[in-house]
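# Remarks on the overall topology
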Amino acid sequence: MPKFRKLPPFKGRVMKVEQIPYADGYHLHSASGPDFRVAVMRSDGSTVIIKRIHTQVTGDRLKNLASKSSCDLPDEITACEDRIGKESY
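This section reports on the structure supplied with the text. In every chain, residue numbers begin from 1 and rise along the written sequence. Since the coordinates come from a predicted model, pLDDT governs what is reported: local features require at least 70, and pairs of side-chain atoms require 80 or more to be given and counted, while whole-chain, interface and lining totals use all residues. Side-chain numbers come from the whole structure's heavy atoms, not from hydrogens or water.

## What about the overall build of the protein chain?
Secondary structure elements are defined from DSSP: runs of H or I of at least 4 residues count as helices, runs of E of at least 2 residues count as strands, and each element is numbered from the N terminus. The secondary structure content of the protein chain amounts to three helices and four strands. Counted from the first residue to the last, the protein chain has its helices and strands arranged as α-β-β-β-α-β-α. For the protein chain, buried positions account for 36% of its 89 residues. Contacts are residue-level and defined by heavy atoms, with any inter-residue pair within 4.5 Å sufficient. Considering only contacts in the protein chain between residues 6 or more positions apart, those separated by 24 or more positions represent 61%. The buried label goes to any residue with under 20% of its type's maximum accessible area, the exposed label to any with over 50%, and the partly exposed label to all in between, with areas taken from a 1.4 Å probe on protein chains only.

So, in structure tokens, the structure goes:
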């Protein structure tokens, strides 16, 4: 996720959002939502896989991106990320 967050803005489509188990040693807090693996297709057809994104309880927002035909990335995905108390995971 740290590398994806630093990408220059691009248009793309969220192809798949898969809920996965929490990472070992991840400290949950009151606003923690599920963890997800996300597949993104860029407008040039290349694919980016985000192996793990921690979300806040509003994890549905991330799932809803898969129904959009085009997203402003990486901003729309990073807006779903849980970064409370951390610069990055």
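## Thoughts on the pattern of salt bridges
In the sections that follow, a salt bridge refers to a side-chain nitrogen of Lys or Arg positioned within 4 Å of a carboxyl oxygen of Asp or Glu. Enumeration according to the criterion identifies five salt bridges in this entry. R37 is paired through a salt bridge with E18; the nearest N and O atoms lie 3.4 Å apart. Separated by 19 residues along the polypeptide, R37 in strand β2 (residues 32-42) and E18 in strand β1 (residues 10-20) bring together distant segments of the chain. Overall, the relative accessible area of 32% leaves R37 in the partly exposed class.

## Topic: the packing of aromatic side chains
Note on aromatic contacts: the rings of Phe and Tyr and the six-membered ring of Trp form a pair at centre separations within 6.5 Å, being stacked when their planes are under 30 degrees apart, edge-to-face when over 60 apart, and tilted otherwise. This model, assessed by the stated rule, comprises one aromatic pair. Ring plane angle 90° and centroid distance 6.3 Å describe the contact between F4 and F10, whose orientation is recorded as edge-to-face. Among the residues examined, F10 registers a relative accessible area of 13% and is labelled buried. Whether a charge lies above a ring is judged from NZ of Lys or CZ of Arg, which has to be within 6 Å of the ring centre and within 35 degrees of the ring normal. For the cation-ring pair, R42 lies above F10, with the distance from its terminal atom to the ring centre recorded as 4.5 Å.

## Things to note about the nonpolar core
By size, the foremost hydrophobic cluster in this structure holds 16 residues, and its most contacted members are F4, V38, V40, I53, L62 and I77. Elements with a minimum of two residues in this core: β1, β2, β3 (47-56) and β4 (71-73). In contact with V40, not counting residues within four places along its chain, are F4, F10, R13, V14, M15, S46, T47, V48, L73 and I77. Nonpolar core, defined: a set of buried Ala, Val, Leu, Ile, Met, Phe, Trp, Tyr and Cys residues in which side-chain atoms within 4.5 Å join the residues together.

## Concerning the environment of V14
Relative to the helices and strands, V14 resides in strand β1. Taking C-alpha positions, V14 is 7.7 Å from K68, a pair spaced 54 residues apart along the chain. In this structure V14 touches V38, A39, V40, L65, A66, C71 and I77, once residues within four positions along its chain are discounted.

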